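# Structural overview
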Amino acid sequence: MSEDQRSVDQDSAGGGLTSLGVSLVARPDGRWFVDLSDMRLFTGLSVIARTLADELLEQSRAGVVDAYVQRRLVSDISPDLVALGVGSITVYALDGSLRGAAAAPEEFHTQLRTVLGTLQRPRWASQLFAPPEANSRPLLFPFHSVFEQQEIDYFFLVELDRSARFMRISVERVGSGRIDLQRLQPVVIDDLHMRTYIQGLSRMAQSVHLGILRECEASRTEFSDTARRNVHFFSQLTRAGLPDCDSLTVHWPAEANELLVRADYSVSIDFLKRVFIVLEDRTIVERLLAGDAIEIRSRRLRAFLDLSRRGRCLNISLFEARDAANIEYYQKRMPALAALGERRRGELSGWRIFLIHHITSEILGVIKTLDALGAERLHTLFVKYAGSTPSDYLEALLTLPEDRFRFSSLQKIESSTSVDGYYLISRQYSPIDDLAALEAELEINKLDFFSAMSLCAGQLFLREAAAARKARQRLLVIEDGGYLMPMLNDLALQGVSVEAALQHFALSPAELGIGSADSELQSSLVEWLSPVLCGSIEHTRNGLNRLEAVCLQRGRLQWPAATIAVSDLKRNRESQEVSVSILHAVESILHGLGLVLSERRALVLGSCGAIGRNLMEDLFARLGAGRVSGVDLVETHDADVGSEARRVRDLSELSERSLLESDLILGVIGESILTEPWLEKLVADHRRRSIFFASGSTKTAEFTHLIEWLRRLQTSAAPQIGGVPVSLQQELVRDPQTAHITGKRIEIRFDDGRRRSLYLLGGLTPINFLFYGVPTETMDAILAQLLQLSLGLIQQNRSSNLPARALAVDRDIDADCRPLA
């Protein structure tokens, strides 16, 4: 026992002997400790076990009754066993002992590897490899008592013959009596039920070691791997009792980078093997699943194991324990939001919230504030167009209790044959076992982003509504972008039944716990939702426009919809920062391509809106006179942008130079005005080789004609533009530093030799969300207003009947949802 182990034992209680042959000790700081300093790790065991097992099973399949295999060991493959005086291994399986093994070959391989692996455990190795003055005792492996298969009715006996330098392994059927166990007095291996064999420890350690070195050389302090990239690794974690684990993250302090790069290769591999071998012990795995952290010590090296993301991420922290994720960190960065949560603590008691919003650090602060406000349950559907979610966000979100918080999102599936790809349910967030039908619907139809989001939002909302009805709770919808409530209001005003609403969202009654003959299906959607739904809160102008379109068509809404979309705070403060974030994202992608913004000519679609006006100002300041044009469909009297910036109401009013030399086209207009004739003219006659398209809107409508046109060209047997045959090739655009996908390049080649490259930045989804979005300092006040309005809607709904229409802050109501005079 090492000094570290003894000191821990003196100050702690609990734990016990593991199947590794060393103690697992509970530390005073709440972690568990295991010292593997004295544990031997042999190389080549998997190779020997596989070779022996394959030959024995082959003999059994060939009808050999008494199977026999002998293998000489060489120091290049099995140096550890050779050093212990084992020159060869012989396996005997007499009188048909392997008949059961032939029926369960995978288990037989595991058993033989377990036998050899046991020789590494000090507790058992000391019996077989006893010093010369003591007697070597055989080891008995009663596999028949721990494997459930009826065919496994045999045990293994391992004996060591020092004089002949060989190890004998006998496989004997229980009750055959051929081996006199009473005479041999073997040591019974009594911990087989406590361990799981992990295959390929060296391979796993080498893979992780290479990943660590790669990240260290890039001055990073974290290496990640996933089940999609490393099937073997995660299949072994599943065997070890971690079936939900689909990601691995290795952490280390920044000051350890040089040490890791310079460390002796064999020492690093040996230590990583020790880290992974602890997962063979079921007691340790059970501690991890219970939420505990395990400290592993081997001589001077330390590592800490723990699970996060509700058991889906295995964390290995080298040298020092990692800081656990804490969602309060994100709320503390937002003083206005945090103050609101504290001041009005508990006001959402009894309420369920269905939140649809972008996944940003600020929304993590909102989620924590909703918790402080006392929400009974929060289901968040994240608006995620593309890119990857930072691991820190996932770590923080999934620390929240699963019975109160559920998180969902779409995941973009890039396609080599499709311009825009399609979307499925992400597996990064809450479990999706109950969403198989929804995923199948998305897989079959391969919907665009807005359609996929609307379908997903509708299904998840109806599930929440059904649960709220059952629990007699109220439900509030808070959304960003109008994915759900415009459609839900429209269906309700059409008088559809619950059954028709379920069909609209491709949801079966059984998924809501409603019988197919239940009268509940025939009730109206309004009647069904009236006990739970009080109204909705909208964040964006696009969502407001969609709500007002329903109101214009139907004469009213079914439920009041309060919004901050046109509040003074959003229009005059947020829109300035959105413009900055759009240009920052565009410029970052251009830099990755070796290009600069200052060489571009810009065309802004939606130049008179809140964001568009700021874009015009910022672009004019950056690009100068005569290099910025704008188009908007609405009348405007704003003439405060530099006089050199041309703004018109229709593309036809643009000069030919403005149209055919503008190679950066920014869409913030909320609808598609670049129709096919304009697109053909742009591509055929443009005066530059490359054209860059980027959307800055919160929905994906600016370039729908472009997507459809490119899709038709790709699927056409003989594509043409302006009567000239063309061919198309596409490739992903990646950031050279992070390798993240930042867009797609479509190269169009004309038969007459012309070439045009169309860059679809961010996949034509809102470009500002590809990077940082609007900074926290600005979003704090805006999101605090969003939640203040949410609480106001609930209070007003209790005391009076709000009109069933869109109610905008600073136009119709104040921030507490009280009507303006």
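Bear in mind that the values here come from a model prediction, so they are computed numbers and not experimental data. (Residues numbered from 1 in each chain as written. Predicted model: local features only at pLDDT ≥ 70, side-chain atom pairs only at ≥ 80, totals over all residues. Heavy atoms only, no water.)

## Some thoughts on the overall build of the protein
The secondary structure content of the protein amounts to 28 helices and 31 strands. Counting only C-alpha atoms, the protein reaches 105 × 70 × 55 Å along its principal axes. Residues counted as buried form 56% of the 821 residues belonging to the protein. Taking the contacts inside the protein whose residues are at least 6 apart along the sequence as the reference set, 72% of them involve residues at least 24 apart. Accessible area for the protein stands at about 34200 Å²; split by element, carbon and sulfur atoms hold 47% of it. The protein carries 92 positive and 107 negative side-chain charges, and their two centres are separated by 1 Å. (Helix = DSSP H or I, 4+ residues; strand = E, 2+ residues; numbered from the N terminus. Buried < 20%, exposed > 50% of the residue type's maximum accessible area, 1.4 Å probe, protein only. Contact = heavy atoms within 4.5 Å. Areas by Shrake-Rupley, 256 points an atom, 1.4 Å probe, with all protein chains shown as cover. Lys, Arg positive; Asp, Glu negative; His and termini not counted. Charge placed at Lys NZ, Arg CZ, Asp CG, Glu CD.)

## Focus on the pairing of strand β15 (residues 351–358)
Most of β15 is tucked away: eight of the eight residues are buried. Note that β15 and strand β19 (residues 474–479) share six bridges and pair parallel. Looking at β19, one finds that I356 is bridged to E479. Sheet topology note: the β15/strand β16 (residues 377–383) ladder contains seven bridges and is parallel. Counted as the bridge partner of F354 is H379 from β16. Handedness of the crossover joining β15 and β16 through helix α15 (residues 361–372): right-handed. (Pairing = 2+ DSSP bridges. Right-handed = clockwise from strand over helix to strand, strands pointing away.)

## Thoughts on the packing of helix α23 (residues 568–592) against helix α28 (residues 776–799)
Contact geometry for α23 and α28: axes closest at 10 Å, N-to-C directions at 150°. Judged on the interaxial angle alone, α28 and α23 are roughly antiparallel. Crossing of α23 over α28 shows left-handed handedness. In this structure, α23 uses L569, K570, R573, E574 and E577 to contact α28, whose residues at the interface are E777, T778, M779, A781, I782 and Q785. Among the residues making up the contact of α23 with α28, the classes are represented as four nonpolar, two polar and five charged. (Axes fitted to C-alpha atoms, helices over the stretch in contact; angles between N-to-C directions. Parallel < 35°, antiparallel > 145°, perpendicular 65-115°, else oblique. Left-handed = near helix turned anticlockwise from the far one by under 90°. Nonpolar A, V, L, I, M, F, W, Y, C, P; charged D, E, K, R; others polar.)

## Notes on the packing of aromatic side chains
Tallied over the full model, the rule gives 19 aromatic pairs. With 6.4 Å between their ring centres and 75° between their planes, F108 and Y154 make a pair best called edge-to-face. In this pair, F108 sits in helix α5 (residues 105–118) while Y154 sits in strand β7 (residues 154–161), placing the two residues 46 residues apart along the sequence. Both residues of the pair, F108 and Y154, belong to the buried class. Members of the aromatic cluster, connected to one another through ring pairs, are F108, F141, F143, Y154 and F156. Just above the ring of Y422 sits the side chain of K446; from NZ or CZ to the centre is 4.6 Å. (Phe/Tyr/Trp six-rings, centres within 6.5 Å; stacked < 30°, edge-to-face > 60°. Lys NZ or Arg CZ within 6 Å of the ring centre and 35° of its normal.)

## Comments concerning the packing of α15 against α28
With their axes 10 Å apart at the nearest point, α15 and α28 run at an angle of 35° to one another. When the axes of α15 and α28 are compared, the crossing they make is right-handed. Mapping the contact onto sequence places S361, E362, I363, V366, T369 and L370 in α15 and T776, M779, L783 and L787 in α28. Within the contact of α15 with α28, the residues separate by chemical class into six nonpolar, three polar and one charged.

## Considering the sheet that holds strand β17 (residues 405–413)
The strand order across the open sheet formed by eight strands is β18-β17-β16-β15-β19-β20-β21-β31, and the pairing between neighbours is mixed. Each end of this open sheet is capped by a strand with a single partner; those strands are β18 (422–425) and β31 (806–808). The average undirected angle you get between the axes of adjacent strands in this sheet is 20°. Pairing analysis gives five bridges linking β16 to β17, with the strands arranged parallel. Considered in β17, the bridge of L378 is made with F405. Contacts from helix α17 (residues 436–445) reach β17 and β18 within the one sheet, and its direction differs from that of β18 by about 170°. Sheet strands touched by helix α22 (residues 541–554): β20 (533–538), β21 (561–563) and β31. Its angle to β20, the strand with the most contacts, is close to 130°.

## Notes on the nonpolar core
Judged by nonpolar contacts, the single largest core of 74 residues is most densely connected at L348, I353, I367, L370, F407, L476 and L666. Apart from residues lying up to four places away in sequence, L476 is in contact with W351, R352, I353, F354, C534, G535, S536, I537, S790, L793 and I794. Judged by nonpolar contacts, the second largest core, of 55 residues, contains L438, A452, A466 and M485. (Core = buried A, V, L, I, M, F, W, Y, C linked by side-chain atoms within 4.5 Å.)

## Details of the pattern of salt bridges
Under the defined criterion, the tally for this structure stands at 56 salt bridges. Note that E55 is salt-bridged to R71, the shortest N-O span being 1.9 Å. In this pair, E55 sits in helix α2 (residues 45–61) while R71 sits in strand β4 (residues 67–72), placing the two residues 16 residues apart along the sequence. Relative accessible area serves as the criterion here: at 30%, R71 is assigned to the partly exposed category. For R745, the salt bridge goes to E731, with nearest N and O atoms at 2.8 Å. (Salt bridge = Lys/Arg side-chain N within 4 Å of Asp/Glu carboxyl O.)

## Here we look at a nonpolar patch on the surface
On the surface, a cluster of nonpolar side chains totalling about 220 Å² of accessible area is made up of V47, V74 and I77. Among the secondary structure elements, V74 is positioned in the loop between β4 and α3 (79–83). Look at V74 and you get partly exposed, because its relative accessible area is 43%. (Patch = residues over 30% accessible without salt bridge, like charges linked within 9 Å, V, L, I, M, F, W, Y side chains within 5 Å.)

## Some words on the pairing of strand β5 (residues 88–93)
A large share of β5 lies buried, amounting to five of its six residues. Bridge count between β4 and β5: six bridges; the pairing is antiparallel. If you follow Y68 over to β5, its bridge partner there is Y92. Sheet topology note: the β5/strand β8 (residues 166–173) ladder contains six bridges and is parallel. Residue pairing for β8: S88 is matched across the bridge by F166.

## Thoughts on the sheet that holds strand β13 (residues 301–308)
As a general point, the strands of a sheet are linked pairwise by backbone hydrogen bonds and lie either parallel or antiparallel. A sheet is described by the order of its strands in space; here eight strands give the open sequence β1-β2-β3-β12-β13-β14-β11-β10, paired in mixed fashion. The two strands at the open ends of the sheet, each matched to only one other strand, are β1 (16–17) and β10 (222–226). For β13 and strand β14 (residues 313–318), the ladder comprises six bridges, and the chain directions are antiparallel. Opposite F304, over in β14, you have S317 as the bridge partner.

## As for unusual backbone geometry
Phi angles above zero are rare outside glycine, and K446 is one such case at about 45°. Along the chain, K446 turns up in the loop between α17 and α18 (449–471). Of the residues examined, K446 reaches a relative accessible area of 42% and is grouped as partly exposed. Of note in this structure, C817 is not a glycine but carries a positive phi near 70°. Looking at the element boundaries, C817 is found in the segment after β31.

## Comments concerning the state of the cysteines
Every disulfide links exactly two cysteines, by a covalent bond between their sulfur atoms. The full count for this structure, using the stated rule, is zero disulfides. Cysteine C216 remains unbridged, with the sulfur of C313 as its closest cysteine sulfur at 18 Å. C216 gets classed as buried once you look at its relative accessible area, which sits at 6%. Left without a disulfide partner, C245 is nearest to the cysteine sulfur of C313, which lies 6.5 Å away. (Disulfide = S-S within 2.5 Å.)

## Notes on helix α8 (residues 201–217)
For α8, spanning 17 residues, the distance from its first C-alpha to its last is 24 Å, which sits close to the expected 24 Å at 1.5 Å a residue. Residues of α8 that are buried: L201, M204, A205, V208, H209, G211, I212, L213, E215 and C216. Elements in contact with the buried residues of α8: β10, α9 (231–239), β11 (247–251), α10 (257–262), α11 (265–277) and β14. Positioned one or two residues after α8, S219 has a phi angle of 65°, which is positive. (Expected span 1.5 Å × (residues − 1).)

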